[in-house]
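# Remarks on the overall topology
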Amino acid sequence: MYVAMRFLHIRTPKYFCEENCLSKIDVILSENHYKNPLVVTDNSLFKLGLVNPLLNILKEKNINHALFYDVEPNPSTDVVLKGLKIYQENNCDCIISFGGGSSMDAAKIILAKSVSKKAISKMKGNLKIHKKLPLHIAIPTTAGTGSETTLASVISDHQSKQKYPINDPCLVPHFALLDPNNLLSLPGSITSTTGMDALTHAVEAYIGRANTRYTKKKSLEAIKLIFENLENSYANPKDITYRKNMLLASFYAGVSFTRAYVGYVHSVAHSLGAYYNVAHGLANAIILPIVLEKYGKSIYKKIGKIVDYLSLCDKKETNEYKTKLFISKIKEMNNNMNIINNFKDKIILDDIPELIQRANKEANPLYPVPKIFDYKDFEEIYISLKK
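The sections below set out a description of the structure shown in this document. Everything numeric here is computed off the predicted structure, so don't read it as measured data. (Residues numbered from 1 in each chain as written. Predicted model: local features only at pLDDT ≥ 70, side-chain atom pairs only at ≥ 80, totals over all residues. Heavy atoms only, no water.)

Turning next to the nonpolar core. Judged by nonpolar contacts, the single largest core of 77 residues is most densely connected at Leu272, Leu292, Phe326, Tyr382 and Leu385. Per-element tally for this core: the top contributor is helix H9 (residues 240–260), with ten residues. Among the nonpolar cores identified, the runner-up in size contains 26 residues, and Phe68, Ile95, Ile155 and Ile166 belong to it. (Core = buried A, V, L, I, M, F, W, Y, C linked by side-chain atoms within 4.5 Å. Buried < 20%, exposed > 50% of the residue type's maximum accessible area, 1.4 Å probe, protein only. Helix = DSSP H or I, 4+ residues; strand = E, 2+ residues; numbered from the N terminus.)

Below, the structure written as structure tokens:
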């Protein structure tokens, strides 16, 4: 699949990264001949009133719209079908997603279902949609998932306890409005874990075997922005510059990993999300240094280049030293932002064989990882997460 990605046309959303860029919505809609959007968001953002500025703009511009605000943290097939019903009942012709990755993931599949009779479970995997989708304007309220740039949506099926990706170039949003004002009220825990999610995207894309000159460039830009801005954004949540830079970092990381793919950090995180409803960004933050250590010398050269780009130490140091330094810096960032370092209260030992099976099935042979893990490797990772 990742080889095929090199030959697919994957659009990069047109984006605006500035304060008050939501005001561009009426022009975007009119120029693209759409007039009745469904706003897709989650209940928390709705209750807190954070979606009100967007809704007020739509009212001021006399834009007919419907609202769906029941998206859950790990969007399910049930919530997608509920959103689809509102989309159809209100004769909507496009979607504005407002929120984190969950809102955007749900919006993508609502749009896919609006033009396809195929069951959501039949869309699982790669290139199963094969449809041109209506306009999707994505407005992130976190800086981490990069979902505003990606061809992926991750959906949970609560009945089967499965969480699976749906990947198709048609799922890439058409526009991304990156307004730092949307991030100013984020809790510190969301700022930190979504930021580490973006770091995971950039790092896994860079060290994998499907990267290109373009994806490596975007990964490095994202990693540098994250190292320079994430902890500052966490400590100074009202600073527009830090927030803006983190939105750019998330966007660049999304552009990179949607073309170069991810690795074992994600497959392990998805298994924990499906089984224990663990937040994806938190899972990635904790798992990332563990998996990097497990990769060992297979990533020394590439991590060495990242460290050189970041100027973390003398370039004359060995790549092994640079890799260990980089991993220590990730752990330090987690610690400085009060991110826990295990899931000892979540993981049940008897579940580990099934968790291993699911993580391995997702990753192999799909993900272009730098080193193939066997059963024992996975087992050691889950045991480390349990400690």
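Here we take up the state of the cysteines. Under the defined criterion, the tally for this structure stands at zero disulfides. Cysteine Cys94 remains unbridged, with the sulfur of Cys92 as its closest cysteine sulfur at 7.6 Å. Cys94 gets classed as buried once you look at its relative accessible area, which sits at 1%. (Disulfide = S-S within 2.5 Å.)

The side chains of a regular strand alternate, residue by residue, between the two faces of the sheet. Along strand E6 (residues 136–140), five of the five residues are buried, which leaves the element largely enclosed by surrounding structure. Note: strand E4 (residues 94–99) against E6, five bridges, orientation parallel. If you follow Gly99 over to E6, its bridge partner there is Pro140. As defined by bridge partners, E6 adjoins strand E9 (residues 175–178) across two bridges and the pair is classed as parallel. Bridge assignment links Ala138 to a residue of E9, and that residue is Ala176. (Pairing = 2+ DSSP bridges.)

This part covers the packing of aromatic side chains. In total, this model carries ten aromatic pairs according to the counting rule given. Consider the rings of Tyr15 and Phe251, whose centres lie 4.3 Å apart with planes at 40°: the pair is tilted. Here Tyr15, found in strand E1 (residues 14–17), pairs with Phe251, found in helix H9; they are 236 residues apart in sequence, far enough to count as distant. Its relative accessible area of 32% is what places Tyr15 among the partly exposed residues. The class for Phe251 is buried, based on a relative accessible area of 2%. Between Tyr275 and Tyr276 the ring centres are 5.7 Å apart and the planes differ by 70°, which places this aromatic pair in the edge-to-face class. When its relative accessible area of 13% is taken as the criterion, Tyr276 is described as buried. Among the aromatic residues, those joined into a ring-pair cluster are Tyr264, Tyr295, Phe373 and Phe378. Above the face of the Tyr252 ring, Lys218 is positioned so that its terminal group lies 4.3 Å from the ring centre. (Phe/Tyr/Trp six-rings, centres within 6.5 Å; stacked < 30°, edge-to-face > 60°. Lys NZ or Arg CZ within 6 Å of the ring centre and 35° of its normal.)

By the secondary structure assignment, Lys113 is in helix H6 (residues 101–115). As a buried residue without a salt bridge, Lys113 has its nearest oppositely charged side chain in Asp78, at a separation of 12 Å. A polar atom in the side chain of Lys113 sits 2.9 Å from the backbone oxygen of Lys118. Once residues lying within four places of it in the same chain are set aside, the contact partners of Lys113 are Val80, Leu81, Leu84, Lys118, Ala119, Ile120 and Met123. (Lys, Arg positive; Asp, Glu negative; His and termini not counted. Salt bridge = Lys/Arg side-chain N within 4 Å of Asp/Glu carboxyl O. Polar contact = N/O pair within 3.5 Å; in protein donor to acceptor, adjacent residues only side chain to side chain. Contact = heavy atoms within 4.5 Å.)

The buried fraction of strand E8 (residues 162–167) amounts to five of the six residues, a majority that puts the element mostly inside the structure. Sheet analysis places strand E5 (residues 125–126) next to E8, joined by two bridges and oriented parallel. Looking at E8, one finds that Gly125 is bridged to Ile166. Sheet analysis places strand E7 (residues 152–157) next to E8, joined by six bridges and oriented antiparallel. When the bridges of E8 are listed, Ile155 appears paired with Tyr164. Taking the residues that link successive antiparallel strands as the turn, the E7-E8 hairpin has four residues, and the phi of Lys161 there is positive, at about 55°.

Bringing the pattern of salt bridges into the picture now. Within this structure, the stated rule accounts for eleven salt bridges. The residue Glu18 makes a salt bridge to Lys24 at a minimum N-O spacing of 3.7 Å. Relative accessible area serves as the criterion here: at 35%, Glu18 is assigned to the partly exposed category. Residue classification places Lys24 among the partly exposed residues on the basis of a relative accessible area of 26%. Each of Lys217, Lys218 and Glu221 takes part in a single network of salt bridges with overlapping partners.

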